[in-house]
There are 4 protein chains.
Amino acid sequence: MHFRMPQKVTFKYCDPAGMVFYPRYFEMINDAIEAMFDAVLGWPFEEIHKDRSVPTAAIEVRFDAPSRHGDLLHLDLTLMRIGRTSMALQSQAACAAETRFRAEQTLVCVGPDGRPEPWPDPVRDKVTKLLEGRP
Amino acid sequence: MHFRMPQKVTFKYCDPAGMVFYPRYFEMINDAIEAMFDAVLGWPFEEIHKDRSVPTAAIEVRFDAPSRHGDLLHLDLTLMRIGRTSMALQSQAACAAETRFRAEQTLVCVGPDGRPEPWPDPVRDKVTKLLEGRP
Amino acid sequence: MHFRMPQKVTFKYCDPAGMVFYPRYFEMINDAIEAMFDAVLGWPFEEIHKDRSVPTAAIEVRFDAPSRHGDLLHLDLTLMRIGRTSMALQSQAACAAETRFRAEQTLVCVGPDGRPEPWPDPVRDKVTKLLEGRP
Amino acid sequence: MHFRMPQKVTFKYCDPAGMVFYPRYFEMINDAIEAMFDAVLGWPFEEIHKDRSVPTAAIEVRFDAPSRHGDLLHLDLTLMRIGRTSMALQSQAACAAETRFRAEQTLVCVGPDGRPEPWPDPVRDKVTKLLEGRP
């Protein structure tokens with residue numbers, strides 16, 4: 001696991017069933033990835049989005065148990081693979097020991113012309129080190 | 001295809017890259033499923049949620065091309081399978097002939113006690129007819 | 001009243017109290033204004049936002065009664081005043097005869113440099129005609 | 001000022017103009033009020049919403065300057081008045097010394113029957129102390 005973001009389930013995330021409205025989970029995932037790019041990869045989203053973007057090309061989620069208003073979640077992100085222009089990562093949310101969801105996601109590095117372009121070298125190097133367990 | 005929902009990409013759906021923020025796509029998918037439950041299955045979400053719910057247990061999405069502010073999308077829903085307490089469906093969004101995303105999703109019928117329970121007979125019958133291509 | 005937008009209260013708009021989460025009302029208001037700019041003023045948001053914007057400078061809302069999942073609302077917009085770079089409008093949402101909220105809002109026309117700039121003449125002319133009750 | 005919540009402007013809050021989409025500000029305000037009810041008044045929203053609610057009856061906001069992706073905001077809440085069933089508060093967001101918005105808002109304590117009911121004594125006592133500047 002390469003990054004952990006705590007996340008309390010506040011009122012805004014919940015639906016009339018009193019549980020997290022699942023589209024809101026993707027906002028949490030996006031916040032966690034954004035925080036990881038800043039803290040771990042040193043490439044904050046506000047820098048990236050001056051002329052590039054890192055859209056999600058695919059995502060797969062399994063919701064194991066519902067989350068309720070007030071729950072103290074943590075989202076754990078794990079980098080899985082890095083390609084020339086893509087990156088795969090897992091996210092997992094839990095409340096104490098109970099898993100709430102597990103997601104696998106592919107991001108793409110997109111350049112100013114809207115096409116995939118290679119990850120910047122410092123990002124690729126950092127991810128490669130993390131995948132190899134080097135400091 | 002069993003239900004189509006038109007959806008203009010309004011300002012609120014878009015991110016700083018000028019494209020639909022992907023968590024917002026799940027709101028569109030939820031709106032489409034809600035409209036289909038009302039129009040096709042005759043079981044509106046506002047009835048369901050008096051004491052039950054139909055949460056998403058799993059979802060898998062491939063984003064084929066970005067959608068931009070002002071795009072006129074249509075979301076097409078196709079019922080795929082119905083189990084005792086679950087239901088599988090596909091959704092696909094396109095702008096004219098260009099596919100924007102394709103999703104596969106499993107819903108579960110959850111009772112007042114928070115546990116899966118069998119779909120009501122009229123819902124099961126209607127879905128079965130649709131899957132068999134009967135009127 | 002210069003524009004009416006029907007709006008069903010779908011699941012996504014509602015909170016654990018089963019009522020519209022009030023920040024979501026502002027999304028409805030934004031959708032209604034966006035639709036009015038397109039249909040009535042002939043200046044769609046997707047055109048405006050190529051190099052300009054029409055941010056809200058101030059808004060005041062009174063929530064008269066809660067809205068619930070499934071309610072069929074209509075939002076009525078009334079243009080009130082147009083200045084050199086600003087515009088005042090009222091919005092009102094109701095379900096049948098019951099008012100749900102009333103809002104007064106000031107929009108500003110902002111140019112490519114981020115500063116207020118005069119409304120385009122066709123927009124000013126159209127608003128002026130509407131305010132004077134001319135066809 | 002009775003409560004401060006730091007809030008980074010993450011990607012999800014921003015619109016195609018690269019600024020905070022103003023309906024999202026109300027989510028921030030709601031988060032801040034929710035955190036204040038927990039930390040300052042000792043009545044967490046997840047407790048309240050078991051059978052009550054604290055809806056907003058009216059809100060008035062002036063947006064002084066736009067906020068951009070990456071901005072580090074702080075939201076300051078100030079309790080202004082407490083009535084039998086209502087409460088007035090101000091919120092103000094700033095980035096460093098620049099004010100971004102100022103809001104005045106009235107909340108109502110609503111009971112299980114959907115009608116206004118008196119604030120619980122410990123909440124009233126705590127607010128009264130804060131308004132009188134007592135510890």
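Sequence order sets the numbering: in each chain, residues are counted from 1 along the sequence as written. By the order in which they are written, chains take letters starting at A while ligands take numbers starting at 1. Under the rules for a predicted model, residues below a pLDDT of 70 receive no local features and side-chain atom pairs below 80 are neither given nor counted, while totals for whole chains, interfaces and linings still include all residues. As a rule here, side-chain values come from all non-hydrogen atoms in the structure, and water together with hydrogens is ignored.

(A) Quick peek at the overall build of chain A. Numbering goes from the N terminus for both helices and strands, where a helix is a DSSP run of H or I of at least four residues and a strand is a run of E of at least two. Each helix and strand in chain A was counted, giving 3 helices and 5 strands. Along chain A, helices and strands appear, N-terminal first, in the series β-α-α-β-β-β-β-α. The globule rule is 2.2 Å times the number of residues to the power 0.38, and the radius of gyration it is compared with is taken over C-alpha atoms. For 135 residues, the compact-globule estimate of 2.2 N^0.38 gives 14 Å, and the C-alpha radius of gyration of chain A, at 15 Å, lies within 12% of that figure. Overall, the C-alpha framework of chain A stretches about 45 × 35 × 20 Å when taken along its three principal axes. Relative to all contacts within chain A whose residues are 6 or more apart in sequence, the contacts with residues 24 or more apart total 64%. Methods summary: accessible areas were calculated by the Shrake-Rupley approach with a probe of 1.4 Å, and residue burial reflects only the protein chains presented. For chain A, the accessible area works out to roughly 5,700 Å², and carbon and sulfur atoms hold 48% of it. In what follows, residue pairs with any heavy atoms lying within 4.5 Å of each other are defined as contacts.

(B) Fine view of the pairing of strand β3 (residues 72-82) of chain B. Residues and elements named next belong to chain B. By the convention used here, strands pair only if DSSP detects at least 2 bridges between them. Inspection of the sheet shows strand β1 (residues 3-8) paired to β3 by 6 bridges, in the antiparallel sense. Paired with Lys-8 across the strands is Leu-72, a residue of β3. Where β3 meets strand β4 (residues 86-95), 9 bridges bridge the pair, whose relative direction is antiparallel. The residue of β4 that forms the bridge with Ile-82 is Met-87. A loop of 3 residues connects β3 with β4, the two strands running antiparallel in sequence.

(C) Looking closely at the nonpolar core. Residue types Ala, Val, Leu, Ile, Met, Phe, Trp, Tyr and Cys, when buried and joined through side-chain atoms within 4.5 Å, form a set referred to as a nonpolar core. Each residue is placed in one exposure class: buried if its accessible area under a 1.4 Å probe, protein chains only, is under 20% of its type's maximum, exposed if it is over 50%, and partly exposed if it falls in between. Phe-26 and Phe-37 of chain C together with Phe-26, Phe-37 and Leu-41 of chain D are the most contacted members of the largest nonpolar core, which totals 86 residues. When residues no more than four places from it in sequence are discounted, the contact partners of Leu-41 of chain D are Met-36, Leu-79, Met-87, Val-123, Lys-126, Val-127 and Leu-130 of chain D. Within the second largest apolar cluster, 85 residues are counted, among which are Tyr-13, Val-20, Phe-45 and Cys-109 of chain B.

(D) Region of interest: the pattern of salt bridges. Salt bridges are identified by distance alone: a Lys or Arg side-chain nitrogen within 4 Å of an Asp or Glu carboxyl oxygen. Taken as a whole, this structure holds 52 salt bridges over all chains when the rule is applied. Note that Asp-64 of chain C and Arg-102 of chain C form a salt bridge whose closest N and O atoms lie 2.7 Å from each other. Pair noted here: Asp-64 of chain C is in the loop between β2 (56-63) and β3 (72-82) and Arg-102 of chain C is in strand β5 (residues 98-108), with a separation of 38 residues, a long-range link. Overall, Asp-64 of chain C belongs to the partly exposed group, its relative accessible area being 35%. Its relative accessible area of 39% is what places Arg-102 of chain C among the partly exposed residues. Here the salt bridges share partners, and the residues they tie into one network are Arg-24 and Glu-27 of chain A together with Arg-24 and Glu-27 of chain D.

(E) View of the interface of chain D and chain A. Contact with chain D, which involves 17 residues of that partner, is made by 17 residues of chain A. Buried area counts how much accessible surface, traced with a 1.4 Å probe, disappears from two parts once they are put together, with both parts' losses summed. Where chain D abuts chain A, roughly 1,400 Å² becomes buried across the two surfaces, and 43% of that area is made up of carbon and sulfur atoms. Scanning the region where chain D abuts chain A turns up 8 salt bridges. The definition of a polar contact used here is a pair of N or O atoms within 3.5 Å, where within protein one atom must be able to donate a hydrogen and the other to accept one, and adjacent residues in sequence count solely through side-chain atom pairs. On the surface where chain D and chain A come into contact, there are 16 residue pairs in polar contact (both at pLDDT 80 or more). Put simply, the parts of the chain that give the side of chain D that touches chain A at least two residues each are α1 (22-39) and α2 (45-48) of chain D.

(F) Highlighting the interface of chain A and chain B. Listed as interface residues are 19 residues of chain A and, on the opposing side, 19 residues of chain B. Both faces considered, chain A and chain B share a buried interface measuring about 1,700 Å² in area, 61% of it formed by carbon and sulfur atoms. Considering only the surface of chain A that becomes buried against chain B, Tyr-22, Phe-26 and Ile-59 of chain A emerge as the three largest contributors, covering 28% of it. Run the count over chain A and chain B and you get 0 salt bridges. Counting across the chain A and chain B interface gives 6 residue pairs in polar contact (both at pLDDT 80 or more). Breaking the side of chain A that touches chain B down by element, the ones donating at least two residues are α1 (22-39) and β2 (56-63) of chain A. The biggest single contributor to the side of chain A that touches chain B is β2 of chain A, with 8 residues. Bridge count for β2 of chain A against strand β2 (residues 56-63) of chain B is 5 bridges, and the pairing is antiparallel.

(G) Broad picture of the sheet that holds β1 of chain B. Taken together, 10 strands build an open sheet; the order of strands is β1(A)-β3(A)-β4(A)-β5(A)-β2(A)-β2(B)-β5(B)-β4(B)-β3(B)-β1(B) and the sheet is antiparallel. Lying at the two open borders of the sheet, with one neighbouring strand each, are β1 (3-8) of chain A together with β1 of chain B. Put simply, the sheet's adjacent strands are angled 20 degrees from each other on average, direction ignored. As judged from the 10 bridges shared by β4 of chain B and strand β5 (residues 98-108) of chain B, these two strands associate in the antiparallel manner. A fitted line through C-alpha atoms serves as each axis, taken over the contacting stretch for helices, and the angle formed by two N-to-C directions is quoted from 0 to 180°.

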